[in-house]
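# Chain and residue survey
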Amino acid sequence: MAPAARLLVLGTVAVLVLATARGADALRSLGVGDGVSASIAQADAAVELNATTFDAFLGAAREPFAVVEFFAHWCPACRNYKHHYEKVAKLFNGPDAAHPGRVLMARVDCALKANVDLCSRFSVDHYPFLLWGPPTKFVNIKWDRKQEKSEIKLIDDGRTAERLLKWINKQIESSFTLDDKKYENESMLPKNASDPEQIVRAIYDVEEATAHALQIILEHKMIKPETRDSLVRFLQILVAHHPSKRCRRGSAELLINFDDRWPSNISLSSQDSSRMLESVETDDHKICGKEVPHGYWMFCRGSKSETRGFSCGLWVLLHSLTVQIGDGESQSTFTSICDFIHNFFICEECRKHFYEMCSSVSVPFKSARDLSLWLWSTHNKVNERLMKDEKDLGTGDPSFPKVVWPPKALCPSCYRSSSKTGDEAVQVDWNEDEVFSFLVNYYGKTLVSSYKETYMESQEKKLVGHVGPLSDDASSSAARVPIGAALGVAIASCTFGALACFWRAQQKNRKYSYRLHSLKKI
């Protein structure tokens, strides 16, 4: 072999070996690799970074927060502390994490010569040395504890796993424990049906279902002249009653700019739809916030990848909306929900069955109670139909079988009596007053009270454009948006169709006045 060729081969092998070593370091928390690399990668839950991988890995991280431990492998205290750090890291990192996508746990060995400058960048003066902050804020910066207004914080009380997790819980207003296990294969209901607090896990699922629904609408180019008004009406409900402030804010942003993005007389072309989808995914605008992890169903996680998930999250969202509206909004909300499913739910059979149940309603709803109970009854009818199909086809989730809702263990007062029919179906004499009270508490107060504003969100002081901040009250029946949109969600005695027209006219007037005011300043 010629010397030049030999050098080329050796150089290639060296690059591959170096890349493999770095990849094993960076992917330890992910359990990725094969052969020897895989056994190394699976050893630790915390991601081990070095001067070469540090900025790139943290810059690309999807988690909203990171903990970075700076240590020295020769330090006895560090060796003892690793057990504590790993216990916390296993909650957030790796394929068996109980809370994936929430916090990235990383480590840097400052005893390695290659990492000396990196550790100096962060003024590491003792071991172990723990820092907290958004991953991107660690990238290409020099930090010391005297800096003011820095988003990087020194963790001053993380000596044990319990104390470190308590510190993290305080920062993100969570209640994680070291005993938390992966939600997959854990049936919160019915296995733990007596615990109503399980619904608090659904807040992120509701956010994800909202974002996923919009993504489906854009990907499948479903906004057309004949469907756009139904989307406007549904967005108006989300602005007023979505349990997550992030989603209320994002829905308001989308609503305010709706006419500019989707003119009333033009459907989105394939190119325009792709551009809008890209803007929703990459721009500052995200309907439920940038930091919401995607693909990590919690309350709605099934034991199989094809079960629960999006459909569960959407049901929780609809139940939450119906228990938070005012009586005067009940009929318009019913119409908006039915039209939204009819126009934008892409499962043809599900869409058809749901709309048939909507069409069977002959008397307008006069109260939120009536609408909430109708949706509850409809959901049970869907479950009863799917029970039979899943039993015949063997397609159900064995850990989450379809059940009559709510189960007696969750709401014993909802049952006057129950019995099984000849085909094993459950016949229940419901106490509807108790059922409604349960729905209000479960999908309203308990779910909404679980929503806490994150640190990232608290930094967002205003909406895009010239929109003021929304109400901080998660149970508020209206958000502060331009006057047309505000009227669209506040005046329950009018139909949403008329309000949509009025809102558009007001929005055009507002934009015209804003532009005229801007021109006068020039």
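Because the structure is predicted, anything quoted here is derived from the model rather than measured.

### Regarding the state of the cysteines
- In the structure shown here, the tally under the stated rule is five disulfides.
- Paired through a disulfide, Cys338 and Cys358 show a sulfur-sulfur distance of 2.2 Å. Because the sign of the S-S torsion sets the handedness, a value of about -90° for the bond joining Cys338 and Cys358 places this disulfide among the left-handed ones. Of the two residues, Cys338 sits in helix H13 (residues 330–344) while Cys358 sits in helix H14 (residues 348–359), which places them 20 residues apart along the sequence. Comparing Cys338 with Cys358, the two get one shared label, buried.
- If the cysteines joined by disulfides in the protein chain are listed in sequence order, their pairing comes out as 1-2, 3-4, 5-6, 7-8, 9-10.
- Just so you know, Cys75 is unpaired, no disulfide at all, and the nearest cysteine sulfur is the one on Cys78, 3.1 Å from it.
- Assessed through its relative accessible area of 8%, Cys75 is described here as buried.

### Quick look at the pattern of salt bridges
- Applying the stated criterion across every chain yields a total of 17 salt bridges.
- Of the charged contacts, one joins Glu162 and Lys87 as a salt bridge, the two residues approaching to 4.0 Å between their closest N and O atoms. Taken together, the positions of Glu162 in helix H6 (residues 161–172) and Lys87 in helix H4 (residues 76–92) put the pair 75 residues apart, joining distant regions of the chain.
- On the basis of relative accessible area, Lys87 is assigned to the partly exposed category, the value being 33%.
- Between Lys137 and Glu151 there is a salt bridge, and its shortest N-O distance comes to 3.5 Å. Taken together, the residues Lys137 in the loop between strand S4 (129–133) and strand S5 (153–154) and Glu151 in the loop between S4 and S5 connect sequence positions 14 residues apart.
- Where salt bridges share partners, they join Glu48, Glu69 and Arg107 into one cluster.

### Some points on the packing of helix H7 (residues 202–219) against helix H9 (residues 245–256)
- The contact between H7 and H9 brings their axes to 10 Å, and the two run at 20°. As summarised for this structure, H7 and H9 are arranged roughly parallel, according to the angle between their axes. Contact residues: Tyr204, Glu207, Thr210 and Leu214 in H7; Arg246, Cys247 and Leu254 in H9.
- In terms of residue class, the contact of H7 with H9 is built from four nonpolar, one polar and two charged.

### Digging into the packing of aromatic side chains
- Counted by the stated rule, this structure contains 24 aromatic pairs.
- Between Tyr442 and Tyr443, the ring centres sit 5.1 Å apart and the planes meet at 90°, which makes this aromatic pair edge-to-face.
- Note on Tyr443: relative accessible area 5%, which makes it buried.
- Among the aromatic residues, ring-to-ring pairing joins Phe54, Phe70, Phe122, Phe129, Phe138 and Trp143 into one connected group.
- The ring of Phe71 is capped by Arg107, whose NZ or CZ atom sits 3.9 Å from the centre of that ring.

### Quick look at the nonpolar core
- Counting 76 residues, the largest nonpolar core has Val316, Phe354 and Trp374 as the members making the most contacts within it.
- The element contributing the most residues to this core is H7, with 11 residues.
- Judged by nonpolar contacts, the second largest core, of 23 residues, contains Ala98, Trp167, Ile168 and Phe176.

### Brief notes about the sheet that holds S4
- Spatial strand order, S1-S3-S2-S4-S5: five strands in an open sheet with mixed pairing. This sheet does not close on itself; its edge strands, each paired only once, are strand S1 (47–49) and S5.
- Where S4 and S5 come together, two bridges link them in antiparallel fashion. Looking across to S5, one finds that Trp132 is bridged to Lys153.
- Along the sheet face, H4 touches strand S2 (65–71), strand S3 (103–109) and S4 and points at about 155° away from the line of S3.
- The sheet contacts of H6 involve S2, S3, S4 and S5, and relative to S4 the element is tilted by about 20°.

Cut-offs used in this document
- Residues numbered from 1 in each chain as written.
- Predicted model: local features only at pLDDT ≥ 70, side-chain atom pairs only at ≥ 80, totals over all residues.
- Heavy atoms only, no water.
- Disulfide = S-S within 2.5 Å.
- Helix = DSSP H or I, 4+ residues; strand = E, 2+ residues; numbered from the N terminus.
- Buried < 20%, exposed > 50% of the residue type's maximum accessible area, 1.4 Å probe, protein only.
- Salt bridge = Lys/Arg side-chain N within 4 Å of Asp/Glu carboxyl O.
- Axes fitted to C-alpha atoms, helices over the stretch in contact; angles between N-to-C directions.
- Parallel < 35°, antiparallel > 145°, perpendicular 65-115°, else oblique.
- Contact = heavy atoms within 4.5 Å.
- Nonpolar A, V, L, I, M, F, W, Y, C, P; charged D, E, K, R; others polar.
- Phe/Tyr/Trp six-rings, centres within 6.5 Å; stacked < 30°, edge-to-face > 60°.
- Lys NZ or Arg CZ within 6 Å of the ring centre and 35° of its normal.
- Core = buried A, V, L, I, M, F, W, Y, C linked by side-chain atoms within 4.5 Å.
- Pairing = 2+ DSSP bridges.

Spatial relationships are all this shows, so hold off on functional conclusions.
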